[in-house]
Amino acid sequence: MRHLTWVLPVIISFLLLAFFQTQGPGPGQLPISYRIGSVDERFGLTRQEVAEAVEQAASLWEKACGRDLFCELGDAHMDINLVYDYRQETSDKLKGIGGRIDNTRGSYEALNAHIEQLQAEYRQVKADLSADIDSYNDHVEAFHVRSAQAMRLESSSGDLTRELDIERSSLEEMREQLQVRQEELKAMAETLKGMVAVANEIANNLNIRVRDYNSTGKDLGKEFSEGCYERRNGTQSITVFHFSDRAKLVRVLAHELGHALGLKHVDNPEAIMYRLNQSDSLDPAPDDIAALHQALGITDKGRPTSVAVRSPSH
Ligand SMILES: [Zn+2]
């Protein structure tokens, strides 16, 4: 039994080590180092601008607890990436027509109004194009009939040949224009698809019954996510997918940095750690501060208490 006196502490040390490896850096392992990873140029931000936004996001937490929590390092284990997909693409297109996406009921209603307007426009453009394609096909048929007649009348004059040549090149021009319009219609359909996907995802976030737009079934069940924090095999990453302006970018970064610190979601819609990026405020809410203190093991008097338990959620 005597060997237990040293076996037990060794086992406990291993268990503690395993705990910290799966639960993230403990308060003693702060600051968390990060580096700016990939930044899709379509966001229109330089790496420097992204780095400044991250610094500002980090400082929101640092000011709240009066200590360094994050630092930018070239060989850090946490990459911060900006990945451009249908979310930002839809957002950028909406910006062009005065719209804005955020996870609120108002933004959802506005988005639906844009979708309805664009759908009406799409139907009109499609109907016009379809009528013009029919008319073009009639012209082509008439042209073939005239050409065949001209060939049968072997005595076709130079005038008739010239006429047919002019007609042929005008038909060719019409065909090219129709192709351009077909491409435009396709782009409109893509825009609509993106908007409907985003609208459905926001509806999911807000627990609203989704509108029944055509062929949207595959998008159901997804939530509109502006960013995520992942911890896998000892490496961490933050990915940002969408932000409507700089303040929202700083907020989404602060939210994901909060997860990296071990903060969980709080119930206050104004808070940075609310599950949706609804507010424009860049001040941590009291619920955020409480969550930060809990994660860092800080009591009201500023003294560390027990070791914080972290969750790998996003
Ligand atoms: Zn979250």
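Residues numbered from 1 in each chain as written. Predicted model: local features only at pLDDT ≥ 70, side-chain atom pairs only at ≥ 80, totals over all residues.

Of regular secondary structure, the protein chain possesses seven helices and five strands. Its helices and strands in sequence order give the protein chain the pattern α-β-α-β-β-α-α-α-β-β-α-α, from N to C terminus. Considering the protein chain as a whole, with its 314 residues, one finds that 25% of them fall into the buried category. Taking the contacts inside the protein chain whose residues are at least 6 apart along the sequence as the reference set, 64% of them involve residues at least 24 apart. (Helix = DSSP H or I, 4+ residues; strand = E, 2+ residues; numbered from the N terminus. Buried ≥ 20, exposed ≤ 12 C-beta atoms within 10 Å, placed from the backbone. Contact = placed C-beta atoms within 7 Å.)

Take the pairing of strand β5 (residues 235–240) next. Burial along β5 is one-sided: the face carrying Q236, I238 and V240 is buried and the face carrying T235, S237 and T239 is not. Note: strand β3 (residues 78–82) against β5, five bridges, orientation parallel. Bridge assignment links M78 to a residue of β5, and that residue is Q236. When strand β4 (residues 227–232) meets β5, the two strands line up antiparallel, connected through six bridges. Across the sheet, the residue bridging to R231 is Q236, located in β5. Linkage of β4 to β5, two consecutive antiparallel strands, is achieved through a turn of two residues, within which N233 is found at a positive phi near 45 degrees. (Pairing = 2+ DSSP bridges.)

Let's shift gears to the sheet that holds β5. Spatial ordering of the open sheet is given by β2-β1-β3-β5-β4, a layout of five strands whose pairing is mixed. At either end of the open sheet lies a strand with only one pairing partner, and these are β2 (70–72) and β4. When strand polarity is set aside, the average angle formed by the axes of neighbouring strands in this sheet is 25 degrees. Along the sheet, helix α2 (residues 47–65) makes contact with β1 (32–39), β2 and β3, crossing β1 at roughly 145 degrees. (Axes fitted to C-alpha atoms, helices over the stretch in contact; angles between N-to-C directions.)

Take the packing of α2 against helix α6 (residues 246–261) next. Where α2 contacts α6, the two axes come as close as 8 Å, and the packing angle between them is 55 degrees. In terms of orientation, α2 and α6 fall into the oblique class. In the packing of α2 onto α6, the handedness of the crossing is right-handed. Packed against α2, whose contacting residues are A53, V54, Q56, A57, A58, L60 and W61, the element α6 presents R246, L249, V250, L253, A254, L257, G258 and L261 at the interface. (Parallel < 35°, antiparallel > 145°, perpendicular 65-115°, else oblique. Left-handed = near helix turned anticlockwise from the far one by under 90°.)

Buried within helix α7 (residues 286–296) we find D288, A291, L292, A295 and L296. What you see down the axis of α7 is that its buried residues fit within an arc of 125 degrees, all on one side. Just downstream of α7 lies G297, where phi reads positive at about 70 degrees. (Arc of directions from axis to C-beta.)

With that settled, the discussion passes to the confidence of the model for the protein chain. In this model, the protein chain carries an average pLDDT of 85, and 82% of its residues clear a pLDDT of 70 or more. Every residue in residues 14–24 scores below 50 in pLDDT, and together they form seven contacts with partners more than four places removed in sequence or on other chains. (pLDDT = per-residue confidence, 0-100.)

Here A295 is to be found in helix α7. As a C-alpha pair, A295 and L263 span 32 residues in sequence and 5.9 Å in three-dimensional space.

Let us now look at the packing of helix α3 (residues 86–96) against helix α5 (residues 158–206). Where α3 contacts α5, the axes come no closer than 9 Å and their chain directions differ by 110 degrees. In this view, α3 runs roughly perpendicular relative to α5, as classed from their interaxial angle. On the side of α3, the interface is formed by Y86, R87, E89, T90 and K93, while α5 contributes T191, G194, M195, A197 and V198. Residue composition of the contact of α3 with α5, grouped by class: four nonpolar, three polar and three charged. (Nonpolar A, V, L, I, M, F, W, Y, C, P; charged D, E, K, R; others polar.)

The nonpolar side chains of a soluble globular protein tend to be buried with one another. In terms of nonpolar packing, the biggest core is built from 37 residues, with A57, W61, V240, L253, A254, L257 and L261 touching the most fellow members. Looking at this core, the elements that each hand over two or more residues are β1, α2, β3, β5, α6 and α7. Residue contributions to this core peak at eight residues, all from α6. Ignoring anything within four residues of it in the chain, the contact list for V240 reads L82, E226, G227, L249, V252 and L253. Counting residues in hydrophobic clusters, the runner-up holds 12 residues, among them I101, M195, A197 and V198. (Core = buried A, V, L, I, M, F, W, Y, C linked by C-beta atoms within 7 Å.)

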